[in-house]
Amino acid sequence: MTTIDFHSDSNRGTYARRKADTGWADAMTTIVNPVGKRVADIGCGGGIYSQAWHELGVSDVVGVDFSAQMVADAREEIAGLKGLAFQQGDAADTGLAPASRSIVFARALIHHLDNYEPTFTEARRVLVTGGRLIVQDRTPSDVALPGSPRHLRGWFFARFPRLLEIERGRRPTSDAVKHAMRAAGFRAVQTRHLWEVRRTYATVEDLERDLAARTGRSILHALDDDELRDLIAFIRERIGAPPIIEKDRWTIWSATA
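Quick look at the structure, then. Keep in mind the model is a prediction, meaning the values are calculated, not measured.

Another point: the sheet that holds strand β2 (residues 60–65). An order of β3-β2-β1-β4-β5-β7-β6 is seen for the seven strands of this open sheet, with the pairing classed as mixed. Either end of the sheet is taken by a strand with one partner, and the two such strands are β3 (84–88) and β6 (187–201). For this sheet the average axis-to-axis angle between neighbouring strands, irrespective of direction, equals 20°. In terms of strand pairing, strand β4 (residues 101–107) meets strand β5 (residues 127–137) through six bridges, oriented parallel. Within the sheet, the bridge partner assigned to Ala106 lies in β5 and is Val135.

Structure (structure tokens):
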């Protein structure tokens, strides 16, 4: 498994200093009308997607994360914005009031969990009747797609196949997620795919600095420094001319409480 410490001050800002892709916003609005809704962003990290929900016109957003460092980063990033709050809590025990939220959102969370059902049960408790649970993560099929100048992660696994085995071992299958949602009392479970822009790099050097810092990529913490330099050189030989638009394919599950 990867060995990133989400509580460490060394990861300050790692999961905060990025903007959500407009394609993600379009995908969310096809699932639910966000205007005026109350959102819980579970496993919010540095609040990137909490801010994105806020920009979609929701009534308010509360972000919950188990890491005090992530919560501090999020609070720093959103200082002065009304309708956004962050608190430390567990995905299966958020501390939020029952039937207090109309949307519960969890992005890149469940692959860190051994059992999804307690988190989905907590989401069901927090949601109003008819509210929506939206879960975004990558399945084994998503991560196994080949590398290209747009899908850089595929090159991670081409160069170091053991990383793909780590990813396959920790990534949720679609059937397992749907089963856990239904077991927690959700209905009308739906799935869709999204190619989400992660970041656009103006130069190859910008990309290399981002990779060298392992920014927001927990899988790279499974490589030592020499292996990481090797991977960067491997990608440099293949990347082509900038701008570099990096994308990942995600699976999105949505269900009704």
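What follows deals with empty space enclosed by the protein. Evaluated as defined, the whole model comprises two cavities of 30 Å³ or more. When its volume is computed, the largest cavity comes out at roughly 40 Å³. Every residue along the wall of the largest cavity is listed here: Ile42, Ala91, Thr94, Val104, Thr119, Glu122, Ala123 and Val126. Among the elements that line the lining of the largest cavity, the one with the most residues is helix α4 (residues 117–126), at four residues. For the lining of the largest cavity, the per-class residue count stands at five nonpolar, two polar and one charged. In this structure, the second largest cavity occupies an estimated 30 Å³ of space. Looking at the lining of the second largest cavity, the elements that each hand over two or more residues are β4 and α4. Ranked by the residues each element gives to the lining of the second largest cavity, the list is headed by α4, at three residues.

Our next topic: the pairing of β4. The buried count for β4 comes to seven of seven residues, which makes it a mostly enclosed element. Pairing geometry for strand β1 (residues 38–42) and β4, over three bridges, is parallel. Residue pairing for β4: Asp41 is matched across the bridge by Phe105. Note on the crossover from β4 through α4 to β5: the handedness is right-handed.

Criteria and cut-off values
Residues numbered from 1 in each chain as written. Predicted model: local features only at pLDDT ≥ 70, side-chain atom pairs only at ≥ 80, totals over all residues. Heavy atoms only, no water. Pairing = 2+ DSSP bridges. Helix = DSSP H or I, 4+ residues; strand = E, 2+ residues; numbered from the N terminus. Axes fitted to C-alpha atoms, helices over the stretch in contact; angles between N-to-C directions. 1 Å grid on protein atoms, 1.4 Å probe; cavity = no way out; pocket = protein on both sides within 12 Å on 5 of 7 lines; lining within 4 Å. Points joined across faces, edges and corners; volume = space filled by probe spheres on them. Nonpolar A, V, L, I, M, F, W, Y, C, P; charged D, E, K, R; others polar. Buried < 20%, exposed > 50% of the residue type's maximum accessible area, 1.4 Å probe, protein only. Right-handed = clockwise from strand over helix to strand, strands pointing away.

Function cannot be read off these values alone, since they describe shape.
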